[in-house]
Amino acid sequence: MSVIPVRSLLDSQHVLFCISSILGVIPYSLWAFAKRTVLQLSILGNVWVVGSLIVYTVMYHLATTNYVKDDWGTQKTLTNAIGIFIIYMEPLMMATDMVAGMINQKQLMHCFDRITRIDNHLATEGILLNNLRLRRSTIILLLLVLLFEAVITVYSFVVFEEEFTFWSLIWFITSIPTAVNSVCRIWYVMLVLAIRQRFNAMNAHMNAIAHGLLNYKDQFVGEQDADIAEIPLDYLEKEIFTVYTQRRKQLAATPPKHPITKVIAVKPYQPKQPVSSPTKSIELPTHRNSATQPWSDMEGLGPARQYLPGDLRLRVKIEQRLDNKLILICRTHDELCEVGKIVNRMYSVQMLVAMAHGFVAITAEFYFLYCSLTEQEVPILFRSAEVFILALTYISYTALKCVVPIFVCWKTKTDSQRTGIEMHYLANVVDECHCYEVVNHLSLKLLNHHLNFSACGFFDLDMTTLYAITGAITSYLIILIQFNLAAIQKSNSNSTVASNASTTTAVSVIDTLVTTALSTYVSN
């Protein structure tokens, strides 16, 4: 069995790992993680995942059957079919998550290993990462899952269960598939957040260097450059002007190629002066000059301090000292994009199934909530829509499991695209020809580092998808309500026709009786 030690990121996920191992979401060895904090492949862990999947599925079916009891035939066939499809999509999502966890266990270990190497490379350049925020985010998401599951399950049990027996407690098994699905979404969100945190760390580091250089230049007391003084320039104009002027200076400083007669200067003879006896050095009172000793008073320099001279009268000359840092950031950006692609491949199928379930479940819950508010009959499988608070809680829970991953993926994608912007901003602050050339070369490489999260390529996980899903839910809900109103009008018209027909029949019978009675009276 292979063992990959993971320290920084995995250390912050003790709670998530333990809960996932107990539920059977991930098949790693819980003992090895508790002792050494490592991801270790385990045969027992895989057996536990398979056994948990079988037990959860069987118990979920028994709990659903016990809940519905004999009410299957009281609803229309189409309503029953839709309800069964939506209800059993939850164990389908659970099975997809657990099977995918067993298939992708080596890739997940590889992701943590690459993230650890990235952290070590960033630490060598002074870019330190703190995973406590990621740990807090994971714990908050776990607490939200516990809160929603407890409210939905307990409230439904108390309101809809008619007899409180030991067998009726099987209803709580129905919360396991959704809880497993939520824990898998937390793993996905955690990995994407880890990638985003490293993008933000690199971007913030370059931004801090740029602001430190700007603070130094604001306090610069030497002579200003005559070429750029009092000339308002935009970003591109400044780059072109700087490259032109610096190359012009280099050409002016280059000696001509034609030979020049070398003149040897001859100094007149000067007799040697006698060596004077050494004297004691006179100690003068020293007063600190803020221009030559600025660091104790200046703040806001940050990581730019290593590139600044110790005298405010000296001009900043970065030259080639930023090359290694910029090249490392470019390589790390590429490595993070590759890790993001691996994470996307591991969870693309799960996200596709989760988005499909979210769309169908939210649409159906909204529609039957409308039916409940208009005092219409609600199917037994959607009885939660009869309670307004319970329906809103279920809709919010399902929506959060779709919105949070989409939002995190979108923010990670935009932060990865911001690296090139921060790099060009740093080059603009440095304002040197060599730095412009390096950044322009690296920015071309950054354009090829494309990071995108999708659901098996069907749609991207960004805010446009969230807008499209919201619009689709609204459209289908309006269509269902229109069909419902048409069915109500048709039912009312049929009842009116039936009542009119019965009234006409009664009147005709009465007329017949009256006519018969009159004819009998006349004959007598």
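Remember, it's a predicted structure, so these values are computed and weren't measured experimentally.

Colleague: It is not clear to me how the overall build of the protein chain should be interpreted in this structure. Could you clarify?
Modeller: Each helix and strand in the protein chain was counted, giving 14 helices and two strands. Considering only intrachain contacts with a sequence separation of at least 6, the fraction spanning at least 24 residues in the protein chain is 80%. Roughly 29900 Å² of accessible area belongs to the protein chain as shown, and the carbon and sulfur atoms make up 63% of that amount.

Colleague: Just to check I follow, could you spell out the environment of Thr464 for this structure?
Modeller: Assignment of secondary structure puts Thr464 in helix α14 (residues 463-523). A residue is classified by how much of its surface remains accessible, and Thr464, at 55% relative accessible area, is exposed. Between the C-alpha atoms of Thr464 and Ile406, which are 58 residues apart in sequence, the distance is 9.6 Å. Within the structure, Thr464 has its side chain in polar contact with the side chain of Asp462 (distance 2.5 Å).

Colleague: Would you take a moment to explain the packing of helix α2 (residues 14-23) against helix α9 (residues 175-218) for this structure?
Modeller: Helix-helix packing is characterised by the crossing angle of the two axes and by the distance between the axes. The N-to-C vectors of α2 and α9 enclose an angle of 145°; their axes lie 11 Å apart at closest approach. Where α2 crosses over α9, the two elements pack in a sense that is left-handed. Note on element contacts: α9 touches α2 through Val180, Val183, Ile186, Trp187 and Met190, opposite Leu16, Phe17, Ser20 and Leu23. Grouping the constituent residues of the contact of α2 with α9 by class yields eight nonpolar, one polar and no charged.

Colleague: Would you mind going over helix α13 (residues 433-447) with me for this structure?
Modeller: Here α13 is 15 residues long and its end C-alpha atoms lie 21 Å apart, about the 21 Å a rise of 1.5 Å per residue gives. All of the buried residues in α13 are Cys433, Cys435, Tyr436, Val438, Val439, Leu442, Ser443 and Leu446.

Colleague: In this structure, what is going on with unusual backbone geometry? I would like to understand it.
Modeller: Peptide bonds are mostly trans, and most non-glycine residues show a negative phi. Backbone geometry at Glu375 places phi at a positive 60°, although glycine is not the residue there. Tracing the backbone shows Glu375 in the loop between α11 (323-373) and α12 (388-430). Judged by its relative accessible area of 75%, Glu375 is exposed. At Cys456, a position not held by glycine, the phi torsion is positive, near 60°. Of note, Cys456 is situated in the loop between α13 and α14. You can call Cys456 partly exposed: its relative accessible area is 35%.

What counts and what doesn't
- Residues numbered from 1 in each chain as written.
- Predicted model: local features only at pLDDT ≥ 70, side-chain atom pairs only at ≥ 80, totals over all residues.
- Heavy atoms only, no water.
- Helix = DSSP H or I, 4+ residues; strand = E, 2+ residues; numbered from the N terminus.
- Contact = heavy atoms within 4.5 Å.
- Areas by Shrake-Rupley, 256 points an atom, 1.4 Å probe, with all protein chains shown as cover.
- Buried < 20%, exposed > 50% of the residue type's maximum accessible area, 1.4 Å probe, protein only.
- Polar contact = N/O pair within 3.5 Å; in protein donor to acceptor, adjacent residues only side chain to side chain.
- Axes fitted to C-alpha atoms, helices over the stretch in contact; angles between N-to-C directions.
- Left-handed = near helix turned anticlockwise from the far one by under 90°.
- Nonpolar A, V, L, I, M, F, W, Y, C, P; charged D, E, K, R; others polar.
- Expected span 1.5 Å × (residues − 1).

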